[in-house]
Amino acid sequence: MSDPMRPRAALRTAVVWEVLQEAIDRRVKATGRESLDVLDTGGGSGNFAVPVARLGHRVTVVDPSPNALFALERRAAEAGVADRVQGVQGDAHGLFEVVERGRYDVVLCHGVLEYVDDPAEGIGNVVAALRSEGVLSLLASGLGGAVLARALAGHFKEARQALDDPDGRWGTGDPVPRRFTADQLTALVEGAGLAVAAVHGVRVFADLVPGVLVDTEPGALEALLKLEEAAAELPAFHSVATQLHVLGETRGAAEA
Ligand SMILES: C[S@@+](CC[C@H](N)C(=O)[O-])C[C@H]1O[C@@H](n2cnc3c(N)ncnc32)[C@H](O)[C@@H]1O
C-alpha cells in the first residue's frame, strides 16, 4: 500500500497493512462476498481507506476534519476508486448520527482513540457499527515507545513524566493527548464485547534508527522491514512499540 516514491512510509504501515489484509481476506472467504462494507472511523485522508478500496471493497470514512475529507476525495479519485469511497463528516462519539449501526464487515479505528473524549465509549460505538460477524482493526499510540523515544533523545525528565502520567503524556507540549499499553487496549476491545484475535507492536525500531542508516546502506530498508515484521508478533516488543495494533473479532466471526 505504501507510496513507491516514499519507500520509508512502508516502515510505518507494513505490519498493520499485512494484518489487516489477511483479516479482510478471511472475512471475504467466510462471507462468500467479494466486496465487503468497511468503515474507517477517523480515516483522515485515506491512508488505509484508499488501499482497502483498491482491493475492491466499499469504504465509508467518518472524520471530523473537512480538510482531511477533501484530501480523501482527491486521493480516491487519483487512485480510481472514487465510486467505492465515501467520506462523511462526523466523529466517533456521534457515529450513528452519520452511519448505520450493525452494517459493516470490517471497522478501522487507526490513530483515533488517542484523541476521543472517552476511549471506552468511542470504541464501543465503533464496534457497534459491526455486523454480528465482523472484525475490528484498532491502532493506537503505545506508552512504552514514547518513553523510550524521549529517553533516547536525551529528554529524561519527559520520559519519566510520560511513565508516571495517567495518559502517558511527556509534557504540555506533547501533541498526543493519550497513549496506551497493550493491556489497556485489549481491555477496551474486550470491554466492547469482542474477542482479541491478535496484538502486534508497530514501529518497534523504525522511529529510533537514524534515517541515514536506512537510506544509504543497500538492502537496509528491506532488512529493517523484515525485522519489524518478526518483532511485531513478540509480546516482549509490544511494550516498546511506537504503536500497538489490536485485531478484534465478534464472537461469531471468531468461530467462523
Ligand atoms: C492521526 S490521524 C489518523 C488518520 C488515519 N486513521 C490514518 O491512520 O492515517 C487522526 C484522525 O482522527 C480524526 N479524529 C480526531 N478526533 C476524532 C473523533 N472524535 N472521532 C473520529 N475521528 C477523529 C482526525 O481528524 C484525524 O483525521
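Draft legend 1. Focus on the domain arrangement of the protein. Looking at the assigned domains, one finds that the protein contains domain 1 (10-141 + 181-255) and domain 2 (143-179). On a C-alpha basis, the centroid separation for the pair domain 1 and domain 2 is 24 Å. Listed as interface residues are 14 residues of domain 1 and, on the opposing side, 11 residues of domain 2. Surface buried jointly by domain 1 and domain 2 totals about 950 Å² across both partners, of which 58% is contributed by carbon and sulfur atoms. When the area that domain 1 buries against domain 2 is broken down by residue, the three leading residues are E114, S141 and L208, summing to 43%. Taken together, domain 1 and domain 2 are joined by 0 salt bridges. For the pair domain 1 and domain 2, the interface holds 5 residue pairs in polar contact (both at pLDDT 80 or more).

Draft legend 2. A look at the nonpolar core. If you look at the biggest cluster of nonpolar residues, it comprises 29 residues, and the most contacted ones within it are L113, L136, L138 and L185. Residue contributions to this core peak at 4 residues, all from strand β5 (residues 130-141). When near neighbours in sequence (up to four residues on either side) are disregarded, L138 contacts C109, H110, L113, I123, L185, V189, L244, H245 and V246.

Draft legend 3. Structural view of a negative patch on the surface. Side chains of E18, E22, D25, E229 and E233 sit close together on the surface and give a patch of like negative charge. The leading source of residues in the negative patch is helix α1 (residues 9-31), at 3 residues. With respect to the helices and strands, D25 occurs in helix α1.

Draft legend 4. Examining the sheet that holds strand β3 (residues 85-89) more closely. Reading across the sheet, the 7 strands line up as β3-β2-β1-β4-β5-β7-β6 and stay open at both edges, with mixed pairing between neighbours. The sheet is open, and its two borders are formed by β3 and β6 (195-202), each paired with just one other strand. Geometrically, the sheet is characterised by an average inter-axis angle of 15° between neighbouring strands, direction not taken into account. In terms of strand pairing, strand β2 (residues 58-63) meets β3 through 5 bridges, oriented parallel. Bridged to V61 within β3 is G87.

Draft legend 5. Spatial organisation of the pattern of salt bridges. One pass over the full model with this rule turns up 11 salt bridges. With a shortest N-O distance of 3.8 Å, R103 and D37 are connected by a salt bridge. With a gap of 66 residues between them, R103 in the loop between β3 and β4 (104-110) and D37 in strand β1 (residues 37-41) connect regions that are remote in the sequence. In this structure, the salt-bridge partner of R203 is D207, at a minimum N-O distance of 2.9 Å. Salt bridges sharing partners connect three or more residues here, namely R33, D37, R58, E100, R103, D105 and R131.

Calculation rules
- Residues numbered from 1 in each chain as written.
- Predicted model: local features only at pLDDT ≥ 70, side-chain atom pairs only at ≥ 80, totals over all residues.
- Heavy atoms only, no water.
- Domains from an automatic or database assignment.
- Contact = heavy atoms within 4.5 Å.
- Buried area = accessible area lost by both parts, 1.4 Å probe.
- Salt bridge = Lys/Arg side-chain N within 4 Å of Asp/Glu carboxyl O.
- Polar contact = N/O pair within 3.5 Å; in protein donor to acceptor, adjacent residues only side chain to side chain.
- Core = buried A, V, L, I, M, F, W, Y, C linked by side-chain atoms within 4.5 Å.
- Buried < 20%, exposed > 50% of the residue type's maximum accessible area, 1.4 Å probe, protein only.
- Helix = DSSP H or I, 4+ residues; strand = E, 2+ residues; numbered from the N terminus.
- Patch = residues over 30% accessible without salt bridge, like charges linked within 9 Å, V, L, I, M, F, W, Y side chains within 5 Å.
- Areas by Shrake-Rupley, 256 points an atom, 1.4 Å probe, with all protein chains shown as cover.
- Lys, Arg positive; Asp, Glu negative; His and termini not counted.
- Charge placed at Lys NZ, Arg CZ, Asp CG, Glu CD.
- Pairing = 2+ DSSP bridges.
- Axes fitted to C-alpha atoms, helices over the stretch in contact; angles between N-to-C directions.

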